[in-house]
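Per-entry structural report
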Amino acid sequence: MYAFLRRYMPAYLPREENWLVEIINEWQPDIVHTLGLEPASFLYDAIKPRLKKQPQWVVTARGGPEIALHRLVPEDVVRIKKVLQNCDHFIADNAMNYQYALELGLADLKVSPLGIMPGTGGVDIEALSGLRRQSPSKSRIILYPKAYECPASKAMPVLEALKLCWEKIQPCSIYCTAVIPEIEIWYRTLSPEIQSASILKARMPREQLLGAMAEARVVLMPSLIDGIPNTLYEAMATGAVPIASPLDTFKDIVKDDLNVIYARNLYPEEIAAALVKAMNDDDLVERIYSNNLSLIRTLADRKTIAKKVNDNYRAILSRG
């Protein structure tokens, strides 16, 4: 029925599809760049046959579950393969997504010459590093920016880790953001001492979050699956010590005790040990701070990346 509607009765399709067709047909762009498979690329692929002109289509796939997990789900594989077949250029934020895409049928010539591209187009290093007002070793703030449960990460082991290590990391303050109701309820089961040292926020403006990173000693970001997280780049640029999980997508890029402290997401004891190390070893904190200010320029400098992206768009247009 859905295929019938798309072909013979487009007015009955979802409003966003008709709106997108109308806008693209009016604007007549030379390039359409969709960010993420769900919903952007799947939506564009659905309306692509209805366009008067076929622009060059650039797809950026997010890291995390988008391909790495959904390539294991048969009905999702069909949609992913269709996008990879119909797009003209493919960009990923980590090497493994390029590998997965090729295994799913992406043609070699569609792999972007840009290589690994940060999801936000990189970070403004001068702006973010300039937010820090004191050395990270002087701070006693732990920022936990993803205090929620989802397929990519779990918060409950983090709460258990705080119980395990609290006596060894205080005095400190814990800032939790993106807190969902389920985690807020369980947070209330922690000791009064931990609760009184904590600030829980459902949402905050991005500028405030980056400012909080620049005040923090530690950014706590364990996860089960991810690309190269934007929060990792941002923590590096603002000078906080990242505590992250040793994922295949970036464990060869940032090194344990040199750029990051590793702890697996489902292991509270590892998260607790990482927190104890980060909150008590001032020399380690300062060393990671110095190392990351240098490394971030090679990984995610927005000024450099912006030029490469613009040059790539021009190259796409010149090839027609």
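As a reminder, the structure under discussion sits directly above these lines.
The text that follows walks through the structure, step by step, so that each part is easy to find. (Residues numbered from 1 in each chain as written. Predicted model: local features only at pLDDT ≥ 70, side-chain atom pairs only at ≥ 80, totals over all residues. Heavy atoms only, no water.)

A look at the packing of helix 3 (residues 37–47) against helix 5 (residues 74–86)
As a reminder, the rule being used: Structural elements are reduced to axes, namely lines fitted to C-alpha atoms, with helices fitted over the stretch in contact, and the angle between N-to-C directions of any two is expressed from 0 to 180 degrees. Runs of E in the DSSP output that reach at least two residues are strands. Runs of H or I that reach at least four are helices, and both are numbered from the N terminus. Take the far helix as your reference; a near helix turned counterclockwise from it by less than a right angle gives a left-handed crossing, and one turned clockwise gives a right-handed crossing. Note on contacts: a residue pair is in contact if any heavy atoms of the two residues lie within 4.5 Å. Residue polarity follows a fixed list, in which Ala, Val, Leu, Ile, Met, Phe, Trp, Tyr, Cys and Pro are nonpolar, Asp, Glu, Lys and Arg are charged, and the others, Gly among them, are polar.
Packing of helix 3 against helix 5 leaves a shortest axis separation of 10 Å and a crossing angle of 60°. Considering only the axes of helix 3 and helix 5, their crossing is left-handed. Residues Leu37, Glu38, Ser41, Phe42 and Asp45 of helix 3 touch helix 5, and the partners they reach there are Arg79, Ile80, Lys82, Val83 and Asn86. Its residues assigned to classes, the contact of helix 3 with helix 5 comprises four nonpolar, two polar and four charged.

Focus on a nonpolar patch on the surface
To be explicit about the condition: A patch consists of residues whose relative accessible area exceeds 30% and which take part in no salt bridge; residues with like charges are grouped when within 9 Å of each other, and nonpolar side chains (Val, Leu, Ile, Met, Phe, Trp, Tyr) when within 5 Å. Using a 1.4 Å probe, the Shrake-Rupley method yields the accessible areas, and only the shown protein chains count as cover for residues. Definition used for salt bridges: Asp or Glu carboxyl oxygen within 4 Å of a side-chain nitrogen of Lys or Arg. Classification of residues uses two cut-offs on accessible area relative to the type maximum, computed with a 1.4 Å probe and protein chains only: under 20% is buried, over 50% is exposed, and between them is partly exposed.
Side chains of Leu224, Leu266 and Tyr267 sit close together on the surface and give an oily, nonpolar patch of about 270 Å² of accessible area. Relative to the helices and strands, Leu224 resides in the loop between strand 8 (218–221) and helix 12 (230–238). Residue class for Leu224 comes out partly exposed when judged on its relative accessible area of 34%.

Thoughts on the sheet that holds strand 3 (residues 89–92)
Selection rule: Note on pairing: two strands pair once DSSP finds at least 2 bridges between them.
In space, the four strands of this open sheet follow the order 1-2-3-4, with parallel pairing throughout. The sheet is open, and its two edges are formed by strand 1 (31–35) and strand 4 (111–116), each paired on a single side. Shown here is a sheet whose adjacent strand axes are inclined to one another by a mean of 15°, direction ignored. Looking at chain direction, strand 1 and strand 2 (residues 56–61) are connected through five bridges and run parallel. For Ile31, the partnering residue across the bridge sits in strand 2 and is Gln56. In the packing of helix 3 onto the sheet, the strands contacted are strand 1 and strand 2, and the crossing angle to strand 2 comes to about 160°.

Structural notes on the state of the cysteines
Our working definition: Here, a disulfide means two cysteine sulfur atoms that sit within 2.5 Å of each other.
The final tally for this structure, using the stated rule, is zero disulfides. The thiol of Cys172 is not disulfide-bonded; the next cysteine sulfur, from Cys165, is found 7.8 Å away. Overall, Cys172 belongs to the buried group, its relative accessible area being 9%. Free cysteine Cys176: the closest other cysteine sulfur is in Cys172, separated by 11 Å. The class for Cys176 is buried, based on a relative accessible area of 2%.

Points about the packing of aromatic side chains
Basically, it comes down to this: Pairs were defined over the aromatic rings of Phe, Tyr and Trp, the Trp ring being its six-membered one, requiring ring centres within 6.5 Å. Orientation was assigned from the angle between planes: stacked under 30 degrees, edge-to-face over 60, tilted for the rest. Geometrically, a charge over a ring is one whose NZ (Lys) or CZ (Arg) sits within 6 Å of the ring centre while staying within 35 degrees of the ring normal.
Under the defined criterion, the tally for this structure stands at three aromatic pairs. Aromatic side chains Phe90 and Tyr98 sit 5.9 Å apart centroid to centroid with 80° between the ring planes, which places their arrangement in the edge-to-face category. Among the residues examined, Tyr98 registers a relative accessible area of 8% and is labelled buried. A cation over a ring is seen here: Arg71 above Tyr100, with NZ or CZ 3.9 Å from the ring centre. When the ring centre of Tyr267 is taken as reference, the NZ or CZ atom of Arg264 above it lies at 3.8 Å.

A few points about the pattern of salt bridges
Per the counting criterion, the structure on display carries 15 salt bridges. Among the ionic pairs, Glu234 bridges to Arg206, the shortest N-O distance being 2.8 Å. Within this pair, whereas Glu234 is found in helix 12, its partner Arg206 is found in helix 11 (residues 206–215), the two being separated by 28 residues in sequence. A salt bridge links Arg264 to Glu270; the nearest nitrogen and oxygen atoms lie 2.4 Å apart. Judged by its relative accessible area of 38%, Arg264 is partly exposed. Exposure remark for Glu270: the relative accessible area of 26% places this residue in the partly exposed category. One salt-bridge network, held together by shared partners, links Lys307, Asp311 and Arg314.

Focus on the environment of Ser290
Tracing the sequence through the fold places Ser290 in helix 14 (residues 282–300). Residues Ser290 and Gly239, 51 residues apart in the sequence, show an inter-C-alpha distance of 8.0 Å.

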